[in-house]
Amino acid sequence: MTSFINWLHHDTAGLLLLAAVGIAVLLILIIKVKLEPFIALLVVGVLVALAGGVSVQDLVGSATKSSDAIIEKGFAGILGHITVIIGLGTVLGAILERSGGAEVLMGRLVKLFGEKGTPLAMGVTGFVLGIPVFFDIGIFVLAPLVYVAAVRGGKSLVLYALPLLAGLSVTHAFLPPHPGPVAAAGLFHVDLGWLIIMGLACGIPAWFASGILWGSWIGKRVMVNVPEDRVIDESDEAKRIGEPALGTVLLAIGMPMFLILGGTFGNIFVPDGGLRTALQFVGNPAIALTIAVLLAMWLLGTRRGMSREELAELTSNSLRPVGMILLVVGAGAFFGAVLGATGVGTAVADSLATAGLPLLLSAFVIAAGMRIAQGSATVAIVTTGGILAPSVLAAGYSQPQLALLVMAIASGSVIASHVNDGGFWIISKYFNMSVKDTLKTWTVLETVLSVVGFGMAALLWQFV
């Protein structure tokens, strides 16, 4: 028995078995037993941690101190990042819908791309706006457009959500200023210009294959309705006054994007001083979204006849569904933290690093193993970059080759998003999909994106 426990805790095969059994039990509890995902994630996370040799003190802390415990840090790590953002993004979306602003913007997109081209319009929107903003912020701000498109088109929410998500995911993994590719560029000493060129060359085909081709195919076969608590009717006052101007709507949506982009590039290009400090302040996502919400309340609310009482009621009602989303996402992050604490991710990375594969393929496979084991794309990119950097820097590769190595890592980092990824649960809850449907749609999308992105990197490798 002792030898089996030692094997389970320290051998790569044992750790992988532990992770696989934990994920299988989790899926059975959610899909077959119909247990609430938040509870299932919490229960299975605790059981996997104890079976994997994590001490009780490390898991839950002590009676006098629990702030360093995995159960608290697992929840707090992601909730500290998204709680304010998801709350403000939800309020901004509700104001856009109540004022008729989301309908105005969707009408312009449909006019530009045509009714049948609306999914493509969603994808382009996700790709363009995903460059300056983080993945989750893009979801929270742009989700109202997806809801309006689905209601207006009378088709599955999946058909319109997946292209948007593909655009946001590609930019998050492949392009600066997102943290993963920027960190890998620093580790490999890659010029950001080459990273952008190769990121677009690999990312655009991956986005099209996963978001447009796969999204259109599966979106016609998995029917998901817009959740009732997300459908906010246009107010009587807004109908009486008429539609808001497109420029006003774009200002409300674009303000947080503009401020965040200013903060990001100000941190890179502006020298130390008052201007840089100001840009960093207003470019913080929470501050940027607060400014955007207050601006939207005035431009699309008060200025158009909405009373203070109506704004307060709208804000309160829009935030009611947020609680369960936060609980599930936090529990998903806790489960991912448990798998990390058991050593699954480290064991997978060490095993793959010594497999003797060609360098480009090794970069992809190690990142993919890290992604599947611990859930975070950014962690997968940074960890893989750290493993490979010494040998890569000693080999004297050219700048284009180094950029393609980063693209191989980025491609592996997004493969097979599943139950240990906080983004999986955000998408499941925000777009009203069951776990089974999220696996059939989003998980496959990420895998298609990953494989096509790596295929493009391998193809371009032959010419640089």
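Up top is the structure these notes are about.
Fair warning: this is a prediction, and the values are worked out from it, not measured in the lab.

Here helix α2 (residues 12-32) contains 21 residues, and its C-alpha end-to-end distance of 29 Å stays within 8% of the 30 Å for a straight helix at 1.5 Å per residue. Among the residues of α2, those classed as buried are G14, L15, L18, A19, G22, I23, L26, L29 and I30. The arc enclosing the buried residues of α2, seen along the axis, measures out at 170°, which places them on a common side. Sitting at the head of α2, D11 places a side-chain oxygen 2.8 Å from the backbone nitrogen of A13. At the C-terminal side of α2, K34 shows a positive phi close to 65°.

We now examine a nonpolar patch on the surface. On the surface, a cluster of nonpolar side chains totalling about 480 Å² of accessible area is made up of F4, I5, W7, L17, V21 and V25. Mapped onto the nonpolar patch, the elements with two or more residues apiece are α1 (2-10) and α2. Relative accessible area serves as the criterion here: at 45%, V21 is assigned to the partly exposed category.

What follows concerns the packing of aromatic side chains. According to the stated counting rule, one finds 12 aromatic pairs in the structure shown. The interplanar angle of 35° and the centroid separation of 5.8 Å between the aromatic rings of F4 and W7 together place this pair among those described as tilted. Taken together, the residues F4 and W7, both in helix α1 and three residues apart, mark about one turn of the helix. Site record: aromatic cluster; members linked through ring pairs are F140, Y147, Y430 and F431. Stacked on the ring of W298, the Lys or Arg R303 has its end atom at 5.5 Å from the ring centre.

Here the focus is helix α8 (residues 135-153). Since the α-helix turns once every 3.6 residues, residues separated by three or four places project in the same direction. In a regular helix each residue adds 1.5 Å, so 19 residues correspond to 27 Å; α8 covers 25 Å between its end C-alpha atoms and thus fits that length. L142 marks the point of greatest bend in α8, at about 50°, and the proline P144 comes within the next four residues. Backbone geometry just after α8 places G154 at a positive phi near 65°.

At H189, a position not held by glycine, the phi torsion is positive, near 60°. With respect to the secondary-structure elements, H189 resides in the loop between α10 (179-188) and α11 (192-219). Phi at A416 is positive, roughly 50°, even though this residue is not glycine. Within the element layout of this structure, A416 appears in the loop between α21 (399-413) and α22 (422-430).

Reading the values: the criteria
Residues numbered from 1 in each chain as written. Predicted model: local features only at pLDDT ≥ 70, side-chain atom pairs only at ≥ 80, totals over all residues. Heavy atoms only, no water. Helix = DSSP H or I, 4+ residues; strand = E, 2+ residues; numbered from the N terminus. Expected span 1.5 Å × (residues − 1). Buried < 20%, exposed > 50% of the residue type's maximum accessible area, 1.4 Å probe, protein only. Arc of directions from axis to C-beta. Polar contact = N/O pair within 3.5 Å; in protein donor to acceptor, adjacent residues only side chain to side chain. Patch = residues over 30% accessible without salt bridge, like charges linked within 9 Å, V, L, I, M, F, W, Y side chains within 5 Å. Areas by Shrake-Rupley, 256 points an atom, 1.4 Å probe, with all protein chains shown as cover. Salt bridge = Lys/Arg side-chain N within 4 Å of Asp/Glu carboxyl O. Phe/Tyr/Trp six-rings, centres within 6.5 Å; stacked < 30°, edge-to-face > 60°. Lys NZ or Arg CZ within 6 Å of the ring centre and 35° of its normal. Bend = angle between axes of the 7 residues up to and from the residue.

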